[in-house]
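Spelled out from the first residue to the last, the chains are:
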Amino acid sequence: PYRIHINLDEQIMYVYKNDELYKTYPVSGGKNSSPSPLGEWVIIQKAKWGDGFGGAWMGLNVPWGKYGIHGTREPWAIGRENVSGGCIRMNNDDVKELYDYIPHGTKVTIVFEKRPFRNLKDGDFGSDVYQVQKALKQLGYFNAWCNGKYGATTKKAVLQYQKDNGLAQTGKVNISTWNKLMQQYDQSLLE
């Protein structure tokens, strides 16, 4: 009966029970260099982890790494600043409370509308890389599994896309490549 919506612009977690707002908690997400996984996920793991994680861990089904919801030894940032390595941090008492009533399989949506743009290159990973892979796949440039990891196959697809669209062939996704790619991706979904 539960679902979780995390807004990193507001740094607030909204917990819904039977589609009614049940609880809110302040949170902190990932910094720009290690962003939180944006999108829709599912809690696939629960464990009682040590004090550094506030005693509770709820893992998400993110394909490019190990991300979850947990407590912290640095509570000063909760509700104020996104400073984590990508996980969603909560106050320790809050995460213990959440852990007690949220079951495996709970849907978690993470949004961050004002997330700063970052140039993407080989070795990066995250929701933005995943989005680039999905767009390249839709447009016929990427034939591998979209896993959110920027590796050789993604770079090769980006280079070919840049060549075909008259963009600087860097193999990196800068704002020009991103904007053109997302515009074409959105258009292709309407056709």
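Residues numbered from 1 in each chain as written. Predicted model: local features only at pLDDT ≥ 70, side-chain atom pairs only at ≥ 80, totals over all residues. Heavy atoms only, no water.

### Focus on helix α2 (residues 127–138)
And step 1. Here α2 spans 16 Å end to end across 12 residues, near enough to the 16 Å set by a 1.5 Å rise per residue.
And step 2. By the burial criterion, the buried members of α2 are Ser 127, Asp 128, Val 129, Val 132, Gln 133, Ala 135 and Leu 136.
And step 3. Close packing links the buried residues of α2 with α3 (152–164) and α4 (175–190). (Helix = DSSP H or I, 4+ residues; strand = E, 2+ residues; numbered from the N terminus. Expected span 1.5 Å × (residues − 1). Buried < 20%, exposed > 50% of the residue type's maximum accessible area, 1.4 Å probe, protein only. Contact = heavy atoms within 4.5 Å.)

### Overview of the packing of aromatic side chains
One pair of aromatic rings is described through two measures. These are the centre distance and the angle between the planes.
And step 1. Taken as a whole and assessed by the stated rule, the structure comprises 11 aromatic pairs.
And step 2. With a centroid separation of 6.4 Å and an interplanar angle of 85 degrees, the aromatic rings of Phe 53 and Trp 57 are classed as edge-to-face.
And step 3. Three or more aromatic residues joined by ring pairs make a cluster, and in this case those are Trp 41, Trp 64, Tyr 67 and Tyr 130.
And step 4. The lysine or arginine in question, Arg 3, covers the ring of Tyr 16, its NZ or CZ lying 4.2 Å from the ring centre. (Phe/Tyr/Trp six-rings, centres within 6.5 Å; stacked < 30°, edge-to-face > 60°. Lys NZ or Arg CZ within 6 Å of the ring centre and 35° of its normal.)

### Overview of the pairing of strand β4 (residues 39–47)
And step 1. In the sheet, β4 pairs with strand β8 (residues 107–111) via 4 bridges, with the strands oriented antiparallel. Across the sheet, the residue bridging to Trp 41 is Val 108, located in β8.
And step 2. Direction of pairing for β4 relative to strand β5 (residues 57–60): antiparallel, over a ladder of 4 bridges. In the sheet register, Ala 47 faces β5, and the bridge partner there is Trp 57. (Pairing = 2+ DSSP bridges.)

### Side note on the sheet that holds strand β6 (residues 68–70)
And step 1. What the 8 strands build is a closed barrel, ordered β1-β2-β3-β7-β6-β5-β4-β8; its pairing is mixed. Taken over all neighbouring pairs, the strand axes of this sheet differ in orientation by 35 degrees on average, direction set aside.
And step 2. The strands touched by helix α1 (residues 92–101) within the sheet are β1 (2–7), β2 (12–17), β3 (20–28), β4, β5, β6 and β7 (88–90), with β3 carrying the most contacts at an inclination of about 140 degrees. (Axes fitted to C-alpha atoms, helices over the stretch in contact; angles between N-to-C directions.)

### Some words on the pairing of β5
And step 1. A two-sided burial pattern is seen for β5, the buried positions comprising Trp 57 and Gly 59 on one face and Met 58 and Leu 60 on the other.
And step 2. Both β5 and β6 contribute to a ladder of 3 bridges, which runs antiparallel. By the bridge assignment for β6, Gly 59 is matched with Gly 68.

### Brief notes about the packing of α2 against α3
And step 1. Two elements in contact, α2 and α3, have axes whose closest approach is 11 Å; the angle formed by their N-to-C orientations is 55 degrees. Classified by the angle their axes make, α2 and α3 are oblique. Seen from above, α2 lies across α3 with left-handed handedness. Packed against α2, whose contacting residues are Val 132, Gln 133 and Leu 136, the element α3 presents Thr 154, Ala 157, Val 158 and Tyr 161 at the interface. (Parallel < 35°, antiparallel > 145°, perpendicular 65-115°, else oblique. Left-handed = near helix turned anticlockwise from the far one by under 90°.)

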